[in-house]
Amino acid sequence: MDRVFIHLGNLTIYWYSVMILLGVLVASFVILKEAKRNNMKEYIENLIFYILIFGIIGARLYFVIFYEEKYNLISILEIWNGGLAIYGGIIAGLLTVIYFAKKHKQSILKTTDILAPGLIIAQAIGRWGNFFNQEAYGTSVTLSYLKSKHLPNFIIDGMYINGAYHHPTFLYESVWCLLGFILLLIIRKLTNRKKGIVTYSYFIWYGIGRLFIEGLRTDSLYIGSIRVSQLVSIILIIIGLSGLIINFLNSLKKSK
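Residues numbered from 1 in each chain as written. Predicted model: local features only at pLDDT ≥ 70, side-chain atom pairs only at ≥ 80, totals over all residues. Heavy atoms only, no water.

### A closer look at the pairing of strand β2 (residues 11-14)
Piece 1. In terms of strand pairing, strand β1 (residues 4-8) meets β2 through four bridges, oriented antiparallel. In the sheet register, V4 faces β2, and the bridge partner there is Y14.
Piece 2. Between β1 and β2, which pair antiparallel one after the other, the connecting turn spans two residues, and G9 there sits at a positive phi close to 65°. (Pairing = 2+ DSSP bridges. Helix = DSSP H or I, 4+ residues; strand = E, 2+ residues; numbered from the N terminus.)

What follows is the structure, encoded as structure tokens:
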């Protein structure tokens, strides 16, 4: 598997970086289209800039903190080699949203409702960066197992790592996020953009998918014997369910 997209003199551009950039571009298009509809385009444009900066920092720090190997100041910056934990990016991005929304006197939930569909489609695209880096894969499986899933040969070949075939967990999550993107758009339309519904639905959908997919991975980050991402997934699911229940109860009160 060739990790390099192109060489430009002394500059090397990796597929990982290309997929992350593509995810950002597609997400920005989706987000800004909805922001314009809500007359929040300038506010969201400025917010995206800060989310990208602090999101990447958060994703890297989260990975470095929980990863077993030691990093020095130089290796911490080498994100083209992988090592961006999406939950770190989500946490840092959410903190950025809370601060920015309060500063500009905007609704936090309305802001996250606009961002959520863009975030999940970016995750679907960004996971392909893991494929090219041959990381974030699952436990070993047989060749016949992968062929039984009717996967393209290039994916099967890419999952042959260190003398064995592996679950393409990057693909599982990418497909799950793509389905989640479609689901969030449907929910947004059916609920008439009712505040918080899209955000809580994202928490539940992604949380459930990551909870199970993480159990297949061989490179999980741990706190003791606990997989950090599974713990965060459970917290997200609880927050999402609680939010939907509270939203539903508030709707019942208003209808009385």
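Still more ground to cover, so stick around.
### A closer look at the side chain of N130
Piece 1. Locating N130 in the fold gives a position in helix α4 (residues 108-133).
Piece 2. Apart from the residues within four sequence positions on either side, N130 is in contact with Y16, E135, A136 and F170. (Contact = heavy atoms within 4.5 Å.)

### Focus on the packing of helix α1 (residues 15-37) against α4
Piece 1. In contact at an axis separation of 8 Å, α1 and α4 are set at 170° when each is read in the N-to-C sense. Relative to α4, the element α1 is oriented roughly antiparallel.
Piece 2. Of the residues contributing to the contact of α1 with α4, the split by class is 18 nonpolar, six polar and one charged. (Axes fitted to C-alpha atoms, helices over the stretch in contact; angles between N-to-C directions. Parallel < 35°, antiparallel > 145°, perpendicular 65-115°, else oblique. Nonpolar A, V, L, I, M, F, W, Y, C, P; charged D, E, K, R; others polar.)

### Topic: the pattern of salt bridges
Piece 1. Applying the stated criterion to the full structure yields nine salt bridges.
Piece 2. Between R188 and E34 there is a salt bridge whose closest N-O contact spans 3.6 Å. Separated by 154 residues along the polypeptide, R188 in helix α7 (residues 169-190) and E34 in helix α1 bring together distant segments of the chain.
Piece 3. You can call E34 buried: its relative accessible area is 3%.
Piece 4. With its nearest N and O atoms 3.1 Å apart, the salt bridge here joins R127 to E173. Within this pair, whereas R127 is found in helix α4, its partner E173 is found in helix α7, the two being separated by 46 residues in sequence. Just as R127 is buried, E173 falls in that class too.
Piece 5. Several salt bridges share partner residues, and in doing so they unite R127, E173, R210, E214, R217 and D219 into one network. (Salt bridge = Lys/Arg side-chain N within 4 Å of Asp/Glu carboxyl O. Buried < 20%, exposed > 50% of the residue type's maximum accessible area, 1.4 Å probe, protein only.)

### Description of the sheet that holds strand β4 (residues 160-161)
Sheets are built from strands that pair by backbone hydrogen bonding, the pairs being arranged parallel or antiparallel.
Piece 1. Ordered in space as β3-β5-β4, the three strands form an open sheet in which the pairing is antiparallel. The sheet is open, and its two edges are formed by β3 (140-141) and β4, each paired on a single side.
Piece 2. Pairing of β4 with strand β5 (residues 164-166), which is carried by two bridges, proceeds in the antiparallel orientation. Each residue of the ladder has a partner; that of I161, found in β5, is A164.

### Some details on the packing of aromatic side chains
Piece 1. Scanning the model with the defined rule gives 16 aromatic pairs in all.
Piece 2. Centroid distance W176 to W205: 4.0 Å. Interplanar angle 5°. Geometry classified as stacked. Linking W176 in helix α7 with W205 in helix α8 (residues 197-214), this pair joins segments that are 29 residues apart in sequence.
Piece 3. Taking the relative accessible area as the measure of exposure, W176 reaches 24% and is therefore partly exposed.
Piece 4. Residue W205 is classed as partly exposed on the basis of its relative accessible area, which comes to 21%.
Piece 5. Each member of the aromatic cluster is reached from another via a ring pair, and the members are F5, W15, W128, F131, F132, F154 and F170. (Phe/Tyr/Trp six-rings, centres within 6.5 Å; stacked < 30°, edge-to-face > 60°.)

### Some remarks on the side chain of E214
Piece 1. Topologically, E214 is positioned in helix α8.
Piece 2. Classification of E214 as buried rests on a relative accessible area of 1%.
Piece 3. A distance of 2.7 Å separates the side chain of E214 from the side chain of R210, its partner in a polar contact.
Piece 4. In terms of polar contacts, E214 uses its side chain to reach the side chain of S220, at 2.6 Å.
Piece 5. For E214, the contacting residues outside a window of four places in its chain are S220, L221, R227, S229 and Q230. (Polar contact = N/O pair within 3.5 Å; in protein donor to acceptor, adjacent residues only side chain to side chain.)

### Quick word on the environment of Y200
Piece 1. Relative to the elements of secondary structure, Y200 occurs in helix α8.
Piece 2. Overall, Y200 belongs to the buried group, its relative accessible area being 16%.
Piece 3. Considering only alpha carbons, one finds Y200 and I155, 45 residues apart in sequence, at a separation of 33 Å.

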